[in-house]
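Chain by chain, the residues run as shown.
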Amino acid sequence: MFEMLPKEVTQEVLQYAIVGAIIMIIIWIFFGYTIYSTLKLIKKENQNILPNQAWFVAVPFFNIYWNFEVVRRLTDSLNNEFYDRKVEIEERPTQKWGMLYAWTFLIRNIPLPPFILIIAFILNIVYFITYWVKIAEYRSLLKMHIQAYGKDYVDQTRKNEN
C-alpha cells in the first residue's frame, strides 16, 4: 500500500499518527485521573473498582474492553455511595453516557467503511466529553457532600435500621 505513495508522504503520515497517538494517550491519562479522583472519594466498602485500576483506560487496545468495566463498576460504586449518603441522584449514574462512549469506541476500532468510522468517531468524541463531564459532576457533588458531612457520613435513619 505504501509503495504507491511517495516516501516523504509516508514519513509525514507516520509522524502525524505518532503525534496523534501521544495526544490521545495524554487525554486518556487526564480522563483516568478524573475517574481515579472520583473513586478516591468513595468509601472502600462502596467501591466496585479500585482507584488504581482507573489508569487502565489509558492503555491502548486494552481500554477497548476496560471502558465497559469502568462504566459498570464506576456506576455501581457511585450508586452505592450516594445510597449510603441518602443523596438523591438518577438511578445508575453515568451509565447511559458511559455505555454510549464504550460502544462507539469499540465500533471506532473495528475495520469498517470510512463513512461509518467517521460517524462513529464524531459520536465517540461527543459521548466521551459528555461522559467525562458527568463523572466530574458527580465527583463535585460527592466533594460537596463530604465537605458538609464528612467522609464517613452514614445517614442516621439507615444506621438505626441496622
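Attention in this report is confined to the structure presented alongside it. Fair warning: this is a prediction, and the values are worked out from it, not measured in the lab.

1. Points about helix α4 (residues 114-149)
Residue pairs spaced three or four apart in an α-helix point in one direction, given the helix's 3.6 residues per turn.
For step 1, the next point in the chain: Between the first and last C-alpha of α4 there are 52 Å, a value that for 36 residues agrees with the 52 Å anticipated at 1.5 Å per step.
For step 2, the next point in the chain: For α4, the complete set of buried residues consists of A120, N124, Y127, F128, Y131, I135, Y138, R139, L142, H145 and I146.
For step 3, the next point in the chain: At the exit of α4 stands G150, carrying a positive phi of roughly 100°.

2. A closer look at the environment of N124
For step 1, the next point in the chain: With respect to the secondary-structure elements, N124 resides in helix α4.
For step 2, the next point in the chain: With relative accessibility at 3%, the residue N124 sits in the buried group.
For step 3, the next point in the chain: Ignoring sequence-local partners within four residues, the contact set of N124 consists of Y101, T104, F105 and R108.
For step 4, the next point in the chain: There is a polar contact of 2.9 Å between the side chain of N124 and the side chain of R108.

3. Focus: the pattern of salt bridges
For step 1, the next point in the chain: Applying the stated criterion across every chain yields a total of five salt bridges.
For step 2, the next point in the chain: Note that R92 is salt-bridged to D76, the shortest N-O span being 2.6 Å. With R92 in the loop between α2 (62-85) and α3 (95-108) and D76 in helix α2, the pair connects residues that are 16 residues apart, well separated along the chain.
For step 3, the next point in the chain: In this structure R92 comes out as partly exposed when scored by relative accessible area, which is 26%.
For step 4, the next point in the chain: In this structure, the salt-bridge partner of E81 is R85, at a minimum N-O distance of 2.8 Å. Taken together, the positions of E81 and R85, both in helix α2 and four residues apart, correspond to about one turn of that helix.

Conventions we followed
- Residues numbered from 1 in each chain as written.
- Predicted model: local features only at pLDDT ≥ 70, side-chain atom pairs only at ≥ 80, totals over all residues.
- Heavy atoms only, no water.
- Helix = DSSP H or I, 4+ residues; strand = E, 2+ residues; numbered from the N terminus.
- Expected span 1.5 Å × (residues − 1).
- Buried < 20%, exposed > 50% of the residue type's maximum accessible area, 1.4 Å probe, protein only.
- Contact = heavy atoms within 4.5 Å.
- Polar contact = N/O pair within 3.5 Å; in protein donor to acceptor, adjacent residues only side chain to side chain.
- Salt bridge = Lys/Arg side-chain N within 4 Å of Asp/Glu carboxyl O.

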